[in-house]
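Report on the structure
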Amino acid sequence: MHPPNASQAMEIPLRTGAELLERVSSLVGRAITARQVWVMFLDRQRRQMPVLIPIGDTPPRPRADMIGGLMNMISRVLDQQAPGGSAVLALERWGPSRATRSDQVWTDALIDGAERAGVELAGLFLVTSDDIRSALGSELS
């Protein structure tokens, strides 16, 4: 059996953390830049929408206005294109897989920003040069 092509993959619901991790791994891969945030959208049935947004040139520490703007954009897209949907975020940065204080600050800011904006996070991942792992629901450090 062959792996699904891109359009077939978007029809497969991503119900588990392992399925989300596999999709982020296949789309984002290992870190190739200093720091950026990736945004993927899921519809109400948790199927991936055909949009993957990299937000580059992110600073080592998140700014409140940047997080607020990001979450407002995510909220608008979900409201207009996928009511009842959710977002998957991936924080990418060069370096070893050991989480840094900056990773934790970013994770906390993204989770807090999503809560404030009413955005459901289906997944939050840390993408490094060494590996990709979940950062949602647990401390990174």
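Residues numbered from 1 in each chain as written. Predicted model: local features only at pLDDT ≥ 70, side-chain atom pairs only at ≥ 80, totals over all residues. Heavy atoms only, no water.

1. Notes on the overall build of the protein chain
On a plain count of helices and strands, the protein chain comes out with four helices and five strands. Along its sequence from the N terminus, the protein chain presents helices and strands in the succession α-α-β-β-α-β-α-β-β. Taken over C-alpha atoms, the radius of gyration comes to 14 Å for the protein chain, in line with the 14 Å a tight globule of 141 residues would show. Taken along its principal axes, the extent of the C-alpha atoms in the protein chain is 40 × 35 × 25 Å. In the protein chain, which comprises 141 residues, the proportion classed as buried is 46%. Across the protein chain, every contact between residues at least 6 apart in sequence was considered, and the portion connecting residues at least 24 apart equals 68%. Distance between charge centroids for the protein chain: 2 Å, based on 15 positive and 16 negative side chains. (Helix = DSSP H or I, 4+ residues; strand = E, 2+ residues; numbered from the N terminus. Rg over C-alpha atoms; globule rule 2.2 N^0.38 Å. Buried < 20%, exposed > 50% of the residue type's maximum accessible area, 1.4 Å probe, protein only. Contact = heavy atoms within 4.5 Å. Lys, Arg positive; Asp, Glu negative; His and termini not counted. Charge placed at Lys NZ, Arg CZ, Asp CG, Glu CD.)

2. Here we look at the sheet that holds strand β2 (residues 48-55)
Across the sheet, five strands lie side by side as β2-β1-β3-β4-β5; this open sheet has mixed pairing. Sheet topology places β2 and β5 (132-134) at the edges, where each strand pairs with a single neighbour. Going from strand to strand, the sheet's axes swing by 20° on average, the running direction of each strand aside. Sheet contacts for helix α2 (residues 17-28): β1 (35-42), β2, β3 (86-93), β4 (121-127) and β5; angle to β4, the most-contacted strand, approximately 50°. Together, β1, β3 and β4 form the strand contacts of helix α4 (residues 101-117), whose direction differs from that of β4 by roughly 165°. (Pairing = 2+ DSSP bridges. Axes fitted to C-alpha atoms, helices over the stretch in contact; angles between N-to-C directions.)

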